[in-house]
Every structure is written in structure tokens, then in C-alpha cells.
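Chain by chain, the residues run as shown.
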Amino acid sequence: MKPNKGRKMRLIFMVIALAVINGISYNIYGAYQYNKIPVGGRAAALGGNILSIYDDYSVYENPAQLVYSSSDYVSFGYNSLLEDMTASSFLFHKNMKRFNISGGVSNFTINDIPLYPDYPTEDPIGHFDTHHITAIVGAGFRVSKDKTLGISARYLLQKLYETHSQAVSFDIGFTYEIPLITGLKFAAAVNHLGLSKKIDNNELKLPMSYGYGLSYQIPILQEHSILFGYNNKIIS
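Residues numbered from 1 in each chain as written. Predicted model: local features only at pLDDT ≥ 70, side-chain atom pairs only at ≥ 80, totals over all residues. Heavy atoms only, no water.

**Things to note about the nonpolar core**
Judged by nonpolar contacts, Val-39, Tyr-54, Tyr-57, Val-59, Tyr-60, Leu-66, Tyr-73, Leu-91 and Ile-136 together constitute the single largest core of nine residues. If near-sequence neighbours (up to four positions away) are discounted, Tyr-57 is found in contact with Val-39, Gly-40, Ile-50, Ser-75, Phe-76, Gly-77, Ser-89 and Leu-91. (Core = buried A, V, L, I, M, F, W, Y, C linked by side-chain atoms within 4.5 Å. Buried < 20%, exposed > 50% of the residue type's maximum accessible area, 1.4 Å probe, protein only. Contact = heavy atoms within 4.5 Å.)

**Let's talk about unusual backbone geometry**
Of note, Asp-112 is a non-glycine position whose phi angle comes to about 55°, a positive value. Position of Asp-112 relative to the elements: it lies in strand S3 (residues 100–115). Despite not being glycine, His-192 has its phi angle at roughly 60°, a positive value. Checked against the element boundaries, His-192 lands in strand S7 (residues 184–199). Among the residues examined, His-192 registers a relative accessible area of 2% and is labelled buried. (Helix = DSSP H or I, 4+ residues; strand = E, 2+ residues; numbered from the N terminus.)

**Brief notes about a negative patch on the surface**
Together, Glu-83, Asp-84, Asp-112 and Asp-129 line one region of the surface with negative charge. Of note, Asp-84 is situated in the loop between strand S1 (73–82) and strand S2 (85–95). The class for Asp-84 is partly exposed, based on a relative accessible area of 33%. (Patch = residues over 30% accessible without salt bridge, like charges linked within 9 Å, V, L, I, M, F, W, Y side chains within 5 Å. Areas by Shrake-Rupley, 256 points an atom, 1.4 Å probe, with all protein chains shown as cover. Salt bridge = Lys/Arg side-chain N within 4 Å of Asp/Glu carboxyl O. Lys, Arg positive; Asp, Glu negative; His and termini not counted. Charge placed at Lys NZ, Arg CZ, Asp CG, Glu CD.)

Structure representation (C-alpha cells):
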């Protein structure tokens, strides 16, 4: 009994240590910077680190987490990030008998960008807005008592002045509840799988991303808990 207890304690301390390291190691997304903006209030508060934990907006990061919802809901979000920079979203979630589905639309906008002519001048000739819109739908289901899978599809539209681009991509997610310790969960996801983007009639391949993480939930009192999480996501 004692050796088993020792292994549990080492795993607990490992999860806590990884959670601290996470604040340094989370650096993702590379070129398309608007994807750094987390969708949803809780995701924003956690710095986008929701790959290994359940969140209302998990369909964006790891659709396998959708299994952990216990109710249907509709969510609206609005964040004022910086001056003239806003993020808004709408999301729905439905629990089914064999799987859960979620979908929605998000929009990241930068308003009133000065427009300058080709010749040198201090005065702009006008202003314009840029929009980054994502429509997404996904489903999560259990494949066994302690494993879940999820898949989502998204349509992306980016508009900058007179230029716009479109893309369709897919995400695949996985979670595994580690039996040795109650509350310990491993998660992994691949995002933007097979993404193909079209800009001014030219095809452009964008890199997919993949990530993994651990979460550990400690129940306290009757309806509350402490949640530790470590997430790492990499652009290939």
C-alpha cells in the first residue's frame, strides 16, 4: 500500500510542477496571430489553456472535451481586448444520447485602421476594419469508460481592406482519464488538419498545430474543486 501511495504523490507533484512550467512554455500559433485570441470568457481568463480541461468553448481547442458537459446551453461572449480591438462569439451546445455536439461563430475585429495613400503624408485618406470570422461545429463521444474522442470542422474567413481569404479545416481531439489517480486526465489534439487557404486565387498551405496536456482536479467541500492544468501546443 505504501509504495502505491508514494507513486500517487509523485504524480500529483508532477502535475503541479507542469502547471507552473506551463506559464513559460505556452507559445503557439506562429504566423496567424488572431488565433491567439481565446474564444470565451473562461478561456480568456486562463490564457487559452483549455486543451486538457473542459470549457464551454472546448470545441475550438479539443472537441473530445464536449463529453464532459452535463447540460444544454447557449453562450454569448464579448471581449474588449485593446483600443479598437474586440472579440465576440456565439455558441450552442446539445447533449445527445450517444454524443454531444457544439457549434458557433466567433469574430475578432480591429476597427478604424488608418488608410494611407501610396505617397508620403501624415494624414490618412480614410479608415477600414479587419475581420477574422470562424464558424465551427463539432462532436464528442466516449469510446470507452475512460477515453473520449472528438472531431470538429471550421470555416475561416479573413478580410483585410480589399483582400480576403477563406479556409476549411478539421480538428481531432482525445482524452484519457488515468485510472491510477481520480481526477487526473491526459488530453491531446490536432488542429487545422489539412488546412488549405485561398488568397487572391493563390493556394497557400498553412501549418497545422498539435498539442497535449494534463489536468488534475481536486474536489474540495461539496460542489467546488481546485483545477491544475498543463498544456503545450506546437505549430508543425
